[in-house]
Amino acid sequence: MTSTRRLSLSIAALSLVLASGVLAQQLTLPNKPDSLKFAVIGDTGTGDAHQYAVAEKLVAFRNQFKYEFLVMMGDNTYGGESAKDFERRFEQPYKPLLDAGLKFYAALGNHDTPNQRNYKLFNMGGKQYYTFRPKLGVRLFALDSNYMSPEQLTWLQKELEASGSDWKIAFFHHPLYSSGGRHGSDAALRDQLEPLFVKYSVDVVLSGHDHFYERVKPQKGIYYFVVGGSAKLRQGDIGTTGLTAKGFDTGYSFMGVEIAGDEFHFQTISDRGVTVDSGVLKRRPTPATK
Amino acid sequence: MLGSSLPAVSLAAAQAKPPLTTPAEAKSLADFDARVKAYYELRDKVDEGRARQTRTKEPEKLESQRKALAANIQKARAGAKPGDIFTPDIQPYIKRWLKPATKGTDGKENTNTLKEEKPIVELKVNAPYPENQPLSIVPPDILLQLPKLPKDLEYRFVRKHLLLYDSRASLIVDFIYNAIP
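Residues numbered from 1 in each chain as written. Chains lettered and ligands numbered in written order. Predicted model: local features only at pLDDT ≥ 70, side-chain atom pairs only at ≥ 80, totals over all residues.

Draft legend 1. Seen up close, the overall build of chain B. A count of helical and extended segments in chain B gives 6 helices and 3 strands. Walking chain B from its N terminus toward its C terminus, one meets helices and strands in the order α-α-α-α-α-α-β-β-β. Counting only residues that meet the buried cut, chain B has 40% of its 181 residues in that class. Of all intrachain contacts in chain B linking residues separated by at least 6 positions in sequence, the fraction that spans at least 24 positions is 59%. (Helix = DSSP H or I, 4+ residues; strand = E, 2+ residues; numbered from the N terminus. Buried ≥ 20, exposed ≤ 12 C-beta atoms within 10 Å, placed from the backbone. Contact = placed C-beta atoms within 7 Å.)

Written as structure tokens, this is what we have:
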């Protein structure tokens, strides 16, 4: 083989590796065969280059980590809900993932109308708030934090009470805890939801709205994440609140999650393919399992 | 209807302090309920054919169903005007019921939440809510103070103004100017 041929082969191999994201991001998740794997994205619906950049990283990430579905933290389409909006701001950016048969489970943001519940690709089952159990022992609760009606609170209480799942994960748009300067913690919502989360041992709460990534220090035993920077970014918006365990507000991001037994592993990756946070959380024992 | 309509098991409901109702308030509330019910029945009547909303993976269908339903409602309510549902009778009571949720520390949290979004919306009965404007977050405390609404009718705010919003058709059904101080 000539040196020129060897060089061109090396460049081709390097390009392939870079394209798959292997060099750019090192998988920190355990990637166990029987675990539950999913991805978290938030505030996605811009249809711009940043959404595509994160989408590309999601695809590359899946080459290493076969997550089974994605959860969306709301603001799924900014600026309108015409057929073109859904196409430009959801179907096209995530086409490779949709083509691979991945399901997206959406929550509603303040830029979304309740009509999105009827869009089958959001898997909301025609409901503004809903629950699903992707795997034995793990249940997710998607809430509509725009309109926390007494009916929704009652529904949530009943569902939490009835759930025998070890892992209870809630996701919705507005964060109960956030260090965002633009929005920050939604105290009014927290007054209603936190007592239920504490009483029924919700383990993890995922939100968006603030356009950055933040892992909040555990609050009353519950882990909170803000994943609102998957297409929009508010640079430097994370303030000094004492809440932040880890913050990232200088780039776009998404989060990979793996639940294996009593462990919740997470890895947050930027639009440049850099791991900006990772770790493992232990599920606290519930009264039933003590 | 206010407090009594709330499910007994709800923590939020247990915390709610329904305002006392005088016979005059009760009468206005019953009239409001009847008007809301009449709107709901009207919408049900025109929610048919290509306007009937179904779950679909085709965004075109979602859009056309919503627009068809909105057009049907607009036609059926062609003469609708402000105050048809939020009548002058009920308006002062609604403003009064909202007051506890906008006072004190908790009230400040609620009003801060309401102020967070500043949608630019021309308040016009029977008009579509602008697609490119965010919908306000409505704090739970505020919803607890207001009469219960049937499915797909919601209270929303545009700054200090309270909207009755049809979330299925995305229409402004009625509104109250300066509903909160």
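Picking up where we left off.
Draft legend 2. Region of the structure containing the sheet that holds strand β1 (residues 153-158) of chain B. Residues and elements named next belong to chain B. Strand order in the open sheet formed by 3 strands is β1-β2-β3, with antiparallel pairing between adjacent strands. Edge positions in the sheet fall to β1 and β3 (171-176), since each of these pairs with one other strand and no more. Strand-to-strand twist across the sheet, computed as the mean angle between neighbouring axes with direction ignored, equals 30 degrees. Sheet topology note: the β1/strand β2 (residues 161-166) ladder contains 6 bridges and is antiparallel. Looking at the pairing, R156 lines up with L163 of β2. (Pairing = 2+ DSSP bridges. Axes fitted to C-alpha atoms, helices over the stretch in contact; angles between N-to-C directions.)

Draft legend 3. Representation of the sheet that holds strand β11 (residues 253-260) of chain A. All names here are of chain A. Strand order in the open sheet made by the 6 strands is β3-β2-β1-β11-β12-β13, with mixed pairing throughout. A single partner strand is all that each edge strand has here, and the edge strands are β3 (103-106) and β13 (275-282). Between one strand axis and the next, the sheet turns through 20 degrees on average, direction left out of account. Summarising the sheet, strand β12 (residues 263-270) and β13 pair through 7 bridges and their orientation is antiparallel. Within β13, the residue paired with F266 across the bridge is G279. This element, helix α2 (residues 49-64), spans β1 (36-41), β11 and β12 of the sheet and lies at about 30 degrees to β11.

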